[in-house]
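Next come the chains, spelled out residue by residue.
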Amino acid sequence: MAEQGKKKVVRVESTAPADKGGGTAVADASAAPTWTPTPEAKRQAVTFRLIAGGLWLLAIAGEVFTIFWVLRQVPVNMVLLIILIVVIGALAIGGSLLWKQANRLDPASKEDKVRFFVQNQLGAIIAVIAFLPLIILIFTNKDMDGKQKALAGIIAIVIGGGALALGIDYAPPSVEQYTSESNVIVQLTGEDVVYWTKSGSVFHVCSEVPDVNKESKDGQIYEGTVAAAHTAGKDRLTKRWESEAVNYCGYTQEQVDAVKADVDAPANEESVEAPEETPAAE
């Protein structure tokens, strides 16, 4: 643990096996492995997904109970109906937040476009399933008067809309994004080490950048691999990594440009082999 101004730099160890990638990359972009989550991140992602699935199942069960029992009562119990709408929304939103966190620990690959879309937008899909039939049946219920329909319907639309908005992942993570980040860091610095703070949402090239040295409650800067940073809940490498590297981390613009050129080069670019020479006649 080392001093960095008034803040301490704390090492966060990764549990990834050294010979299997574990979220790291190598200095040669053409030989760089695909990013993989650490075992710890994988376990956390599975746990979050199981809990999210349970919350979503309860939300759907609440919807079914509301549709096939509460809305069939004469008269409809408005207090119970509103309580169930709120509970369904809370369950759907809770599941979506956990699911999105799991996707940041163990993201999908863009190569499978269908899976990538479904995995990242499943929270929004569940919100639609949990609320759209309920909203329709509230407004078409024959045993509720206009005021009751308006009250219950508006509450369901507001809560359902909130669940939908929170279920959408507007910047979904991907294996390709994490691989690119790992390659940038390793090619630039020679090792898979990045820096972040507890309250920040991104990680940085070095511990000298102003963003990680701002005053914070714990007074600490955390260092670890790209995989460890994502496990800690950091979304991505800062978009200002180029200027940070040059202005605060001691790297030249030429070094930064060389890294960008390597990372941006097509991954499937094949080298052209020279044609074999025809043996000369003896």
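Rules of the game
- Every residue gets a number counted from 1 within its own chain, in the order that chain's sequence is written.
- Residues qualify for local features only when their pLDDT is at least 70, as the model is predicted, and side-chain atom pairs are given and counted only at 80 or more; totals for whole chains, interfaces and linings, by contrast, use all residues.
- Values shown for side chains rest on all heavy atoms present in the structure; no hydrogens or waters enter the calculation.
- Here a helix means four or more residues in a row that DSSP labels H or I, a strand means two or more in a row labelled E, and each is numbered from the N terminus.
- Three exposure classes are used, based on accessible area relative to the maximum for each residue type with a 1.4 Å probe and protein chains only: buried under 20%, partly exposed in between, and exposed over 50%.
- Contacts: residue pairs with any heavy atoms within 4.5 Å of one another.
- Here, a strand pair is defined by DSSP locating no fewer than two bridges between the strands.
- UniProt positions are given in the numbering used here, feature names are shortened, and annotations may be inferred rather than shown by experiment.
- Cysteine sulfurs are considered disulfide-paired once they come within 2.5 Å of each other.
- Here the nonpolar core consists of buried residues drawn from Ala, Val, Leu, Ile, Met, Phe, Trp, Tyr and Cys, with membership extended through side-chain atoms lying within 4.5 Å.
- Axis definition: a line fitted to C-alpha atoms, limited for helices to the stretch in contact. Angles are taken between N-to-C directions and run from 0 to 180 degrees.
- Here roughly perpendicular refers to angles of 65 to 115 degrees, roughly parallel to angles under 35, roughly antiparallel to angles over 145, and oblique to all remaining angles.
- Note on residue categories: nonpolar means Ala, Val, Leu, Ile, Met, Phe, Trp, Tyr, Cys or Pro, charged means Asp, Glu, Lys or Arg, and polar means any other residue, Gly included.

A. Region of the structure containing the environment of Ala 108. Within the secondary structure, Ala 108 sits in the loop between helix H2 (78-105) and helix H3 (113-139). Looking at Ala 108, the relative accessible area reads 4%, which means it is buried. Among residues more than four places away in sequence, those in contact with Ala 108 are Phe 116, Gln 119, Pro 173, Ser 174, Val 175 and Glu 176.

B. Expanded view of the pairing of strand S5 (residues 220-224). Within S5, 4 of the 5 residues are buried, which leaves the element mostly enclosed by the surrounding structure. In this sheet, S5 lies alongside strand S3 (residues 194-196) in antiparallel orientation, the contact comprising 3 bridges. By the bridge assignment for S5, Val 194 is matched with Gly 224.

C. Spatial organisation of the UniProt feature "transmembrane region" (unreviewed entry) in the protein. Taking the numbering used here, the UniProt-annotated feature "transmembrane region" (unreviewed entry) corresponds to residues 50-71, 77-99, 120-139 and 151-171. For residues 77-99, the helix share is 96%, the strand share is 0%, and the end-to-end C-alpha distance is 33 Å. Structurally, residues 120-139 comprises 100% helix and 0% strand, and the distance from its first C-alpha atom to its last is 31 Å.

D. Expanded view of the state of the cysteines. Within the structure shown, the criterion is met by 1 disulfide. Shown here is the disulfide that connects Cys 206 with Cys 249, its sulfur atoms set 2.0 Å apart. Disulfide Cys 206 to Cys 249: torsion about the S-S bond roughly -80 degrees, handedness left-handed. Taken together, the residues Cys 206 in the loop between strand S4 (202-203) and helix H6 (210-213) and Cys 249 in the loop between helix H8 (241-247) and helix H9 (253-264) connect sequence positions 43 residues apart. We classify Cys 206 as buried; its relative accessible area is 8%.

E. Expanded view of the nonpolar core. Ranked by size, the top nonpolar core spans 26 residues in total, and within it Leu 188, Val 194, Trp 196, Phe 203 and Trp 241 carry the most contacts. Contributing elements (two or more residues each) for this core: helix H5 (175-189), S3, S5, helix H7 (226-231), H8 and H9. By size, the runner-up hydrophobic cluster in this structure holds 23 residues, among which are Ile 67, Leu 84, Ile 135 and Met 144.

F. Layout of the packing of H2 against H3. Here H2 crosses H3 at 170 degrees, and the two axes come no closer than 8 Å. Taken together, the axes of H2 and H3 lie roughly antiparallel to each other. Contacts from Ile 85, Ile 88, Gly 89, Ser 96, Trp 99 and Asn 103 in H2 reach Gln 119, Asn 120, Leu 122, Gly 123, Ala 130, Phe 131, Leu 134 and Ile 138 in H3. By residue class, the composition of the contact of H2 with H3 is 8 nonpolar, 6 polar and no charged.

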